[in-house]
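Topology and contacts: notes
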Amino acid sequence: MFNATKFLEQFMGNSASDSSQQEKASSGMNIPGGNFTGGAVAGGLIGLLVGNKKARKMAGGLVGYGGAAAAGALAFKAYQNWQEGKQVATAPVATQNDLKQVDPRFLPPVDQNTANNFALTLITAMIAAANADGHIDAGEQSVIFDHVEKLSLDSESKALVFDTLRRPPSLEELASSVQGVEQASEVYLVSRLVADGDHPAERAYLQALAHRLNLPADLVAHLDHQVTGE
């Protein structure tokens, strides 16, 4: 049976047990794709999707270490800061310690069917964001397809990547699969991790996504802050 939650971890590259990646990140060595993709390079998917875009400044490379749990921790921290009325510029950014205290609402639920649905939503949201500026052309798709074929993924996981790259979900489709501001926050956050807020087309995509998800502007600012630290 296809386990989307497990595939989400593979997709995001949970490298908590990869000491070599951690040592490179902590020593300031350049890891292709930036801090965010540092842990995902081994899995290849996020690194390939981000391609040659400028490196994201992630708080201690948190997502590279924690995978989906780290994305939940970042979204939860943004939500907490927003609820407490903190100033965006000085609001605390999630650290590895926050991985142990993520509100369950910011993680794929334990229930298998529900978990699969939300995990799939997060995966497809990242692929859609990567394609927001149209940079994944036919040639690049072919490279990604060839790489995915070489990964130790089951046939359903590979099919999901191929199908989503060929036809990324619309904003309406993404929004319709989200329940509550907690899931909406994380869908926006993982999209922001992949999309470059400085690129006009991607910035417009993120703004449209936030609007479709009905996220308050102040909360969006806090989510952006968790990604960039700015």
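The following refers to the structure shown.

1. Quick notes on the overall build of the protein
Per the secondary structure count, the protein includes 12 helices and 0 strands. Starting at the N terminus and ending at the C terminus, the protein contains elements arranged as α-α-α-α-α-α-α-α-α-α-α-α. Residues classed as buried in the protein amount to 50% of the 230 residues present. Contacts in the protein between residues at least 24 apart in sequence constitute 78% of all its contacts with a sequence separation of at least 6. Accessible area for the protein stands at about 10400 Å²; split by element, carbon and sulfur atoms hold 50% of it.

2. Some thoughts on unusual backbone geometry
One non-glycine residue with positive phi stands out, namely Asn214, at about 60 degrees. Looking at the element boundaries, Asn214 is found in the loop between α11 (200-212) and α12 (217-228).

3. Some words on the packing of helix α10 (residues 180-194) against α11
Two numbers describe how α10 lies on α11: the axes approach to 10 Å, and their chain directions differ by 175 degrees. Our classification of the angle between α10 and α11 gives roughly antiparallel. Residues Val187, Tyr188, Ser191 and Arg192 of α10 form the contact with α11, whose participating residues are Leu206, Leu209 and Ala210.

4. Concerning the nonpolar core
Counting residues in each nonpolar core, the largest one holds 58 residues, and the members touching the most others are Phe7, Leu8, Tyr188, Leu189, Leu213, Leu215 and Leu223. By residue number, the principal contributor to this core is helix α6 (residues 112-130), which donates 10 residues. Filtering out sequence-adjacent residues up to four positions away, Leu215 remains in contact with Val181, Ala184, Ser185, Tyr188, Ala210, Val220 and Leu223.

Calculation rules
- Residues numbered from 1 in each chain as written.
- Predicted model: local features only at pLDDT ≥ 70, side-chain atom pairs only at ≥ 80, totals over all residues.
- Heavy atoms only, no water.
- Helix = DSSP H or I, 4+ residues; strand = E, 2+ residues; numbered from the N terminus.
- Buried < 20%, exposed > 50% of the residue type's maximum accessible area, 1.4 Å probe, protein only.
- Contact = heavy atoms within 4.5 Å.
- Areas by Shrake-Rupley, 256 points an atom, 1.4 Å probe, with all protein chains shown as cover.
- Axes fitted to C-alpha atoms, helices over the stretch in contact; angles between N-to-C directions.
- Parallel < 35°, antiparallel > 145°, perpendicular 65-115°, else oblique.
- Core = buried A, V, L, I, M, F, W, Y, C linked by side-chain atoms within 4.5 Å.

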